[in-house]
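Examination of the molecular architecture
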Amino acid sequence: MNTNLRIPHGEDKVKVELTVKELMVLAGARFPNNHLIEVGARKKLNEVLEQTYEIEGRNSSAYEF
């Protein structure tokens, strides 16, 4: 197990706006009749991650040869 995993700017804070239901789903609550709550919550998290790494130049041409 690698305990030395390094994530650049891993201690930076980000803000994600979630509904109470979305927060509950991410904490482990189940809504069997509405799977879309979990999908929406995970989508919001992924969007914030993508935006955060875009700022750091993930898609920049500096890495092209």
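Residues numbered from 1 in each chain as written. Predicted model: local features only at pLDDT ≥ 70, side-chain atom pairs only at ≥ 80, totals over all residues. Heavy atoms only, no water.

Attention shifts here to the pattern of salt bridges. Counted according to the given criterion, the structure contains two salt bridges. With a shortest N-O distance of 2.9 Å, Lys44 and Glu22 are connected by a salt bridge. Here the residue Lys44 occupies a position in helix H2 (residues 36–55), and Glu22 occupies one in helix H1 (residues 20–26), the gap between them amounting to 22 residues. A relative accessible area of 28% places Lys44 in the partly exposed class. According to the relative accessible area criterion, Glu22 is buried, its value standing at 9%. A salt bridge links Arg42 to Glu38, with the shortest nitrogen-to-oxygen separation between them at 3.2 Å. Pair noted here: Arg42 and Glu38 are both in helix H2, with a separation of four residues, about one helical turn. You can call Arg42 partly exposed: its relative accessible area is 44%. (Salt bridge = Lys/Arg side-chain N within 4 Å of Asp/Glu carboxyl O. Helix = DSSP H or I, 4+ residues; strand = E, 2+ residues; numbered from the N terminus. Buried < 20%, exposed > 50% of the residue type's maximum accessible area, 1.4 Å probe, protein only.)

All right, on to the confidence of the model for the chain then. Confidence along the chain averages 81 in pLDDT terms, with 80% of residues attaining 70 or more. A low-confidence stretch, residues 60–65 stays under pLDDT 50, and its non-local contacts, those more than four residues away or across chains, total one contact. (pLDDT = per-residue confidence, 0-100. Contact = heavy atoms within 4.5 Å.)

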